[in-house]
Amino acid sequence: MNGDDGGEAVASSAGPPPPLEWKFSQVFGERTAGEEVQEVDIISALEFDKTGDHLATGDRGGRVVLFERTDTKEHGGNRRDLERMDYTVSRHPEFRYKTEFQSHEPEFDYLKSLEIEEKINKIRWCQMANNALFLLSTNDKTIKFWKVQEKKVKKISEMNVDPSKAAGNGGVANASVSAGPNNNLANGSYLDQSYNCLSKDASFPPRVISSLRLPVVTSNEISLVAKCRRVYAHAHDYHINSISNNSDGETFISADDLRINLWNLEISNQSFNIVDVKPTNMEDLTEVITSAEFHPTHCNTLAYSSSKGSIRLIDLRQSALCDSHSKIFEEQEAPGSRSFFTEIIASISDIKFAKDGRHILSRDYMTLKLWDVNMDSGPVATFQVHEYLRPKLCDLYENDSIFDKFECCLSGNGQRVATGSYSNLFRVFGCAEGSTEATTLEASKNPTRQVQTPSRTSRGLSSTITNAVRRAGADSPGVDANGNSFDFTTKLLHLAWHPTENSIACAAANSLYMYYA
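Residues numbered from 1 in each chain as written. Predicted model: local features only at pLDDT ≥ 70, side-chain atom pairs only at ≥ 80, totals over all residues. Heavy atoms only, no water.

An unreviewed UniProt entry lists the protein chain under the name Serine/threonine-protein phosphatase 2A 55 kDa regulatory subunit B, with Olea europaea subsp. europaea given as the organism. According to the UniProt record, the Sequence similarities (unreviewed entry) comment for the protein chain reads "Belongs to the phosphatase 2A regulatory subunit B family." Under the Function (unreviewed entry) heading, UniProt states for the protein chain: "The B regulatory subunit may modulate substrate selectivity and catalytic activity, and may also direct the localization of the catalytic enzyme to a particular subcellular compartment." (UniProt positions renumbered as here; feature names shortened; annotations may be inferred.)

## Remarks on the overall build of the protein chain
Helix and strand counts for the protein chain come out as 5 helices and 30 strands. Considering the protein chain as a whole, with its 517 residues, one finds that 48% of them fall into the buried category. Long-range contacts, defined here as pairs at least 24 residues apart, represent 57% of the contacts in the protein chain between residues at least 6 apart. Summed over all atoms, the accessible surface of the protein chain reaches about 26100 Å², with 48% contributed by carbon and sulfur. (Helix = DSSP H or I, 4+ residues; strand = E, 2+ residues; numbered from the N terminus. Buried < 20%, exposed > 50% of the residue type's maximum accessible area, 1.4 Å probe, protein only. Contact = heavy atoms within 4.5 Å. Areas by Shrake-Rupley, 256 points an atom, 1.4 Å probe, with all protein chains shown as cover.)

## A look at the environment of lysine 50
Of note, lysine 50 is situated in the loop between β2 (43-48) and β3 (54-59). C-alpha separation for the pair lysine 50 and histidine 498, spaced 448 residues apart in sequence, amounts to 8.7 Å.

## Considerations on the packing of aromatic side chains
A complete count under the given rule lists 23 aromatic pairs for this structure. Ring centres 5.3 Å apart and planes at 70° place the aromatic pair tyrosine 232 and tryptophan 263 in the edge-to-face group. Taken as a pair, tyrosine 232 in strand β11 (residues 217-232) and tryptophan 263 in strand β14 (residues 259-264) lie far apart in primary sequence, 31 residues in all. Both residues of the pair, tyrosine 232 and tryptophan 263, belong to the buried class. Judged by centre distance (6.3 Å) and plane angle (10°), the ring pair of tyrosine 513 and tyrosine 515 falls under stacked. Note on tyrosine 515: relative accessible area 0%, which makes it buried. The structure contains a cluster of three or more aromatic residues connected by ring pairs, namely Phe24, Phe426, Tyr513 and Tyr515. (Phe/Tyr/Trp six-rings, centres within 6.5 Å; stacked < 30°, edge-to-face > 60°.)

## Re unusual backbone geometry
Glycine aside, the phi torsion of most residues is negative, and most peptide linkages are trans. Its identity is not glycine, yet asparagine 130 carries a phi of approximately 55°, on the positive side. Assignment of secondary structure puts asparagine 130 in the loop between β8 (122-125) and β9 (133-138). One non-glycine residue, asparagine 131, lies in positive phi territory at about 60°. If you trace the backbone, asparagine 131 turns up in the loop between β8 and β9. The exposure class of asparagine 131 is exposed, given its relative accessible area of 72%.

## Observations regarding the sheet that holds strand β18 (residues 311-315)
Strand order in this open sheet of 4 strands is β16-β17-β18-β19, and the pairing throughout is antiparallel. Across the chains shown, the open sheet's two edge strands, defined by having one partner strand only, are β16 (289-294) and β19 (327-329). Looking at each pair of strands side by side, their axes are set apart by 20° on average, direction ignored. Across 5 bridges, β16 lies against strand β17 (residues 301-306) in antiparallel orientation. Looking at β17, one finds that alanine 292 is bridged to tyrosine 304. (Pairing = 2+ DSSP bridges. Axes fitted to C-alpha atoms, helices over the stretch in contact; angles between N-to-C directions.)

## So, the environment of tyrosine 422
Within the secondary structure, tyrosine 422 is located in the loop between β25 (416-420) and β26 (425-430). Through-space distance from the C-alpha of tyrosine 422 to that of phenylalanine 406 is 9.9 Å; in sequence the pair is 16 residues apart. If we ignore the near neighbours within four places in the chain, the residues touching tyrosine 422 are Tyr365, His386, Leu389, Leu396, Ser401, Asp404, Phe406, Asp487, Phe488, Thr490 and Lys491. In terms of polar contacts, tyrosine 422 uses its side chain to reach the side chain of tyrosine 365, at 2.8 Å. Among the polar contacts listed, one links the side chain of tyrosine 422 to the side chain of aspartate 404, at a separation of 2.8 Å. (Polar contact = N/O pair within 3.5 Å; in protein donor to acceptor, adjacent residues only side chain to side chain.)

## Re the pattern of salt bridges
Enumeration according to the criterion identifies 25 salt bridges in this entry. With its nearest N and O atoms 3.0 Å apart, the salt bridge here joins glutamate 343 to arginine 338. Its relative accessible area of 49% is what places arginine 338 among the partly exposed residues. Where aspartate 364 meets lysine 369, a salt bridge forms, and the shortest distance between an N and an O atom there is 2.8 Å. (Salt bridge = Lys/Arg side-chain N within 4 Å of Asp/Glu carboxyl O.)

## Side note on the nonpolar core
Among the nonpolar cores identified, the biggest contains 17 residues, and Trp22, Phe426, Val428, Leu495, Ile504 and Cys506 are the most heavily contacted of them. Contributions of two or more residues to this core are made by β26, β28 (494-497), β29 (503-508) and β30 (511-516). Excluding anything up to four places from it in sequence, leucine 495 contacts Leu46, Glu407, Cys408, Cys409, Ala418, Thr419, Gly420, Phe426, Ile504, Ala505 and Cys506. Ile345, Leu389, Leu425 and Leu493 belong to the second-largest nonpolar core, a separate cluster that totals 15 residues. (Core = buried A, V, L, I, M, F, W, Y, C linked by side-chain atoms within 4.5 Å.)

## Let's talk about the side chain of histidine 386
Position of histidine 386 relative to the elements: it lies in the loop between β23 (381-384) and α4 (393-398). Here histidine 386 falls in the buried class, since its relative accessible area comes to 0%. A distance of 2.8 Å separates a polar atom in the side chain of histidine 386 from a polar atom in the side chain of serine 421. Apart from the residues within four sequence positions on either side, histidine 386 is in contact with Arg363, Tyr365, Met366, Phe406, Ser421 and Tyr422.

## Comments concerning the sheet that holds strand β13 (residues 251-255)
In spatial order, the strands read β12-β13-β14-β15; together these 4 strands make up an open sheet with antiparallel pairing. With one partner strand each, in any of the chains shown, β12 (242-245) and β15 (267-276) form the two edges of the open sheet. The average angle at which neighbouring strand axes cross in this sheet is 25°, direction not considered.

## Some remarks on the confidence of the model for the protein chain
Any residue range with low pLDDT should be treated as having predicted coordinates unsuitable for detailed reading. Taken as a whole, the protein chain shows an average pLDDT of 82; of its residues, 76% reach a score of 70 or greater. pLDDT under 50 marks residues 165-195. Its contacts with residues more than four places away, or in other chains, come to 46 contacts. Note that residues 451-477 has pLDDT below 50 and, in this model, 38 contacts with residues that lie over four places away or in other chains. (pLDDT = per-residue confidence, 0-100.)

See below:
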């Protein structure tokens, strides 16, 4: 079931592809039983690069950790090239730790008397150049552009070393004068210390050091060096929630609650405000920006989501300040369904474009929705992530869990989507036409320990199923639809799908789990 097309492309013509069987691959930073998790070690951002050969994570301590793929490194090239050459390839992508660096430090805004924490909010990979990796990382206020490159570290041998340990370069003199009859110098004095041959005043005593050995390079060690190339600061009054690279390779956007700015990667002291939803009177504020992303191939198009559950598509060619949108995607409320929590759970926490740019995936608190950019009347598919929590919305509101921001992702071929939930669970849904795939997995070494439940519902049946789940949930407080107790403190907010293969990386607290199918 590896790969992003092949058998699945054939299956889609005859019907929906069969559900994937997910297996555990790797874990980094696994906790031992009873080990307490340090706040600074909790993973807060996760991203594959476009090739899928590198993976980056950011944590609340401001660190960025890079991993590199190892199962294709021996022969070089990507998986498809290796298969064409009949190489035996690994069963699944395997990664290893590459390097880490401190991206952000805690700061203090003296003008606003505000602490700026070092937590990494987002990481985005940029185009590689000259075998160097480039990426953007951001905390609440400052974006940084990093270059990570391998550098050869040369080790130089000492000037004069013991002949038994020296290598090459002709006659080698002793590093120090050994005890013996020859230690008496011409004037009868005794030499009791080594001569420092690097000293400007050094002179060679007769019959003791016969020659000077020039330094030679004995080894070349490779070390990874991370260097901050640019800092994009002082452009956001509110917390940055998104950054996104443009397909032109030259620009990127950064979004906070009320504004979206356009940057050039080469210019750090100037940005252009392209979206501004701040009202003249802040009392008139009704919605905020929650996420923003560039179209994967059209450099003039981007989408941003709001706390009211709408997604706006804007065209940068229309005007310098894109106050008006070219399209808006939102779902109308069902009559009589409005409650105190309706607006809170409608807020979209994350949006992602499909690889082909035809679809947009959005995640609100209760559901995943798949939208066709050519159809703004409503989502083409809606997936219920944890409908069994609906009777518990009051409890979730009181402990602030209802404001948790879950991310979402799509497979490279666009046939499946995934997102996280509580109790370290994540859901994988098939979105091909006719597919009923709805898999529940746990971020552990035994991902299929949870019972799988079909949770896909059409819009026409949603109210009936919702009422049925409400009745079932009311009889068993603290228990989900599978009969398992749910834990609001263990939440899986961040996950990423490999761009070309069926492999998912997800972050559970300070642990990074990887699965394949």
